[in-house]
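# Geometric and topological summary
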Amino acid sequence: EEARNLRAVVGQLEDVATTCRRMNTEACDLAENGRFTEALNRWQQCVDLSYSPHCDGVTDSWRGQVHEQKAQVLLEMHHDFDAVRDARKAVELAPSWGTGWLTLGRALVGFGELVDASRALEKARECGCDEAEEDLAMIRGLLDKTDDLARNGKLVAVNDRAVNMHEAFWK
């Protein structure tokens, strides 16, 4: 009787990798339902758990995908800096995954880093991500417009970021 109960309890337990995958699925469901903060918290728990010493079967590539999902939600929330941070972690963990580079490029655009965004999107394209082409065309257009504004004295570069030059506030 006791052995049967013990087998039943052990059968109900899931290993850490399975728990991580379940938590990732839960986070995706939360994000799809607009519950972004809860999704981010669940993904963070998932990432933290995935680094535990008892977590076999979770790869860096998988962790990169989780960071990329976090970055997408952070972009949706307009938390561009945090999105860049998680997207960078995604491509660090999964450097040949085009979708990670695409998300990094989009996050960098949101953060105003057009040149770096262009580089990330080029890398996405090299990794076989066809979606990057449209984003690259948009960035090229923005960079051309930035160059035109700079030539006309309406824009200045500060720390490699384009800043609009408006009339002085006191005029």
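Summary of the structure given here. (Residues numbered from 1 in each chain as written. Predicted model: local features only at pLDDT ≥ 70, side-chain atom pairs only at ≥ 80, totals over all residues. Heavy atoms only, no water.)

When you go through the chain residue by residue, the secondary structure sums to eight helices and two strands. Across the chain, helices and strands are ordered from the amino to the carboxyl terminus as α-α-α-α-α-α-α-α-β-β. The 171 residues of the chain split such that 34% are buried. Counting only contacts in the chain whose residues sit at least 6 apart along the sequence, the fraction spanning at least 24 positions is 49%. (Helix = DSSP H or I, 4+ residues; strand = E, 2+ residues; numbered from the N terminus. Buried < 20%, exposed > 50% of the residue type's maximum accessible area, 1.4 Å probe, protein only. Contact = heavy atoms within 4.5 Å.)

Inspection of every chain in the model, using the stated rule, returns one aromatic pair. A ring pair is formed by F81 and F111, whose centres lie 5.8 Å apart and whose planes are at 50°; its orientation type is tilted. Taken together, the residues F81 in helix α5 (residues 80-93) and F111 in helix α6 (residues 98-111) connect sequence positions 30 residues apart. According to the relative accessible area criterion, F111 is partly exposed, its value standing at 25%. For R63, the ring lying beneath its charged end belongs to Y51, and the centroid distance is 4.3 Å. (Phe/Tyr/Trp six-rings, centres within 6.5 Å; stacked < 30°, edge-to-face > 60°. Lys NZ or Arg CZ within 6 Å of the ring centre and 35° of its normal.)

We now examine helix α2 (residues 16-32). Under the 1.5 Å per step criterion, the end-to-end length of α2 is 24 Å for 17 residues, consistent within 8% with the ideal 24 Å. Buried residues in α2 make contact with α3 (36-50) and α4 (60-76). Positive phi shows up at G34, right after α2, with a value of about 75°. (Expected span 1.5 Å × (residues − 1).)

Right, let's talk about the environment of A71 for a bit. Residue placement: A71 occurs in helix α4. Classification of A71 as buried rests on a relative accessible area of 0%. Through-space distance from the C-alpha of A71 to that of A107 is 7.6 Å; in sequence the pair is 36 residues apart. Not counting residues up to four positions away in its chain, the partners in contact with A71 are A83, D86, A87 and T103.

For the rest of this paragraph, the subject is the state of the cysteines. As enumerated under the stated definition, the model contains zero disulfides in all. C127 takes part in no disulfide bond, and the closest cysteine sulfur to it belongs to C129, at a distance of 8.7 Å. (Disulfide = S-S within 2.5 Å.)

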